[in-house]
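Descriptive structure summary
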Amino acid sequence: MAQIIDGKLISLQIQEEIAAEVKTIKANNGKIPHLAAILVGNDGASETYVGAKVKACEKIGFKSTLVRLSETTTDQELIYFIEGLNADADIDGYIVQLPLPKHMDEQKIMEAIAPQKDVDGFHPQNIGRMALNLPTYLPATPYGIMQLLERYKIETVGKNCVVIGRSHIVGSPMSILMARNTNPGNCTVTMCHSRTANLKEFTLKADIIIVALGKAEFLTADMVKDGVVVIDVGITRVASSETKSGFKLLGDVKYDEVAEKSSFITPVPGGVGPMTIASLLMNTLKASKKEIYK
Ligand code: GUN
């Protein structure tokens, strides 16, 4: 039976570690880390995520600023606010919550963010630095997964790792990180996606599977070998009569049956999800200490 990887617990531990460091900074009259977030429009999930980020800042003693812009904001207007944050010496790092409204050019927006303040790690310069194994801000979800592997002392050297999904914010960076000459890392990585033929042939050979597809209960027990490590990045809301809210969250893994064959597995909720906030706070602390860009 699998050991459950408790992302909620590790995220809280990391937040306590950061809070302790902020106390020391304050005691020494140092610069208090300051994170800003720009939220465009009224997407429900984005509101929840940004709200949680602001709340986490308050809890650990960071300053936070939330910039709310209307659904009809143009690229040019948003870039005006981005340039304001780029120039504001008190802001150490900031994020533009994604997805942006359909009329906006996400890539152009990401490129307007000063790489030094890009605590989401989405700027092409920071993605390039990640690929080259140079100091950089790692994107929140991949950084969180690396923390889980490290803190649970999961062996990765020489293992076969299958990443399912090639999104710019999870699958793609995850496959780079797992292949790098780092620990965790040093895996033989196979990157699979919607056009992969005979996916099961790859997953059956995998020692570590990272699923970031967004398809509820996609990975089933017949697709994995005994002792596999399973990292589930999916969160799909489905209607449910079992809960008061009327919905429940499902991962990309058919949890009960896959857990029976796994050595380690992340649950949904409470696995990878809570780690993304910890990652963002770690990146903001690095930004405020000028650890990445001197
Ligand atoms: N939307 C989903 N995940 C993320 C993230 O990590 N950062 C931002 N800015 N938006 C997101």
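See the structure above.
Residues numbered from 1 in each chain as written. Predicted model: local features only at pLDDT ≥ 70, side-chain atom pairs only at ≥ 80, totals over all residues. Heavy atoms only, no water.

Below, the discussion takes up the side chain of Thr 203. When you line up the elements, Thr 203 lands in helix H8 (residues 199-203). A distance of 3.2 Å separates a polar atom in the side chain of Thr 203 from the backbone oxygen of Lys 200. In this structure the side chain of Thr 203 is engaged in a polar contact, spanning 2.8 Å, whose partner is the backbone oxygen of Met 223. Non-local contacts of Thr 203, meaning those with residues more than four positions away in its chain, are made with Val 162, Ile 164, Ile 209, Leu 219, Met 223 and Val 224. (Helix = DSSP H or I, 4+ residues; strand = E, 2+ residues; numbered from the N terminus. Polar contact = N/O pair within 3.5 Å; in protein donor to acceptor, adjacent residues only side chain to side chain. Contact = heavy atoms within 4.5 Å.)

With that settled, consider the pairing of strand S7 (residues 208-211). Burial along S7 is two-sided: Ile 208 and Ile 210 facing one way and Ile 209 and Val 211 facing the other are all buried. Judged from the 4 bridges that link them, strand S5 (residues 160-164) and S7 form a sheet pairing that is parallel. Bridge pairing in S7 links Val 163 to Ile 210. Where S7 and strand S8 (residues 228-232) come together, 4 bridges link them in parallel fashion. Bridging from a neighbouring strand, Ile 210 pairs with Ile 231 of S8. (Buried < 20%, exposed > 50% of the residue type's maximum accessible area, 1.4 Å probe, protein only. Pairing = 2+ DSSP bridges.)

It is worth spelling out the packing of aromatic side chains at this point. Counted according to the given criterion, the structure contains 3 aromatic pairs. Relative to Phe 81, the ring of Tyr 80 lies with its centre 5.6 Å away and its plane at 90°, an arrangement referred to as edge-to-face. Geometrically, the ring pair formed by Tyr 152 and Phe 264 is edge-to-face, given 6.5 Å between the ring centres and 75° between the ring planes. One end of the pair, Tyr 152, is in the loop between helix H6 (140-151) and S5; the other, Phe 264, is in strand S11 (residues 262-265), and 112 residues separate them in sequence. Taken as a pair, Tyr 152 and Phe 264 share a single burial class, namely buried. (Phe/Tyr/Trp six-rings, centres within 6.5 Å; stacked < 30°, edge-to-face > 60°.)

Right, let's get into the site of the ligand. Lys 53, Val 96, Gln 97, Leu 98, Asp 120, Phe 122 and Ile 169 make up every residue found near the ligand. Between a nitrogen atom of the ligand and a main-chain N or O atom of Val 96, the distance comes to 2.9 Å. Measuring from a nitrogen atom of the ligand, one finds a side-chain N or O atom of Asp 120 at 2.6 Å. For the ligand, the cavity whose grid points lie within 2 Å of the majority of its atoms is the largest pocket. Residues of the shell around the ligand, tallied by class, amount to 4 nonpolar, 1 polar and 2 charged. (Near = heavy atom within 4 Å. 1 Å grid on protein atoms, 1.4 Å probe; cavity = no way out; pocket = protein on both sides within 12 Å on 5 of 7 lines; lining within 4 Å. Sits in = over half its atoms within 2 Å of the grid points. Nonpolar A, V, L, I, M, F, W, Y, C, P; charged D, E, K, R; others polar.)

This next bit is on the pattern of salt bridges. According to the stated counting rule, one finds 11 salt bridges in the structure shown. A salt bridge links Glu 21 to Lys 289; the shortest N-O distance between them is 2.4 Å. Of this pair, Glu 21 sits in helix H1 (residues 7-27) while Lys 289 sits in the segment after helix H10 (275-288), and the two are 268 residues apart along the sequence. A relative accessible area of 28% means that Glu 21 is categorised as partly exposed. Residue classification places Lys 289 among the partly exposed positions, given a relative accessible area of 36%. A salt bridge links Lys 31 to Asp 90; the shortest N-O distance between them is 3.7 Å. Of this pair, Lys 31 sits in the loop between H1 and strand S2 (34-40) while Asp 90 is found in the loop between helix H3 (75-87) and strand S4 (93-96), placing the two residues 59 residues apart along the sequence. Residue classification places Asp 90 among the partly exposed residues on the basis of a relative accessible area of 29%. (Salt bridge = Lys/Arg side-chain N within 4 Å of Asp/Glu carboxyl O.)

If you check H10, its first and last C-alpha atoms are 20 Å apart, about what 14 residues at 1.5 Å a residue would give, namely 20 Å. Here H10 lies mainly inside the structure; 12 of its 14 residues are buried. All of the buried residues along H10 are Met 275, Ile 277, Ala 278, Ser 279, Leu 280, Leu 281, Met 282, Asn 283, Thr 284, Leu 285, Ala 287 and Ser 288. Residue Lys 290 follows H10 closely and has a positive phi angle near 50°. (Expected span 1.5 Å × (residues − 1).)

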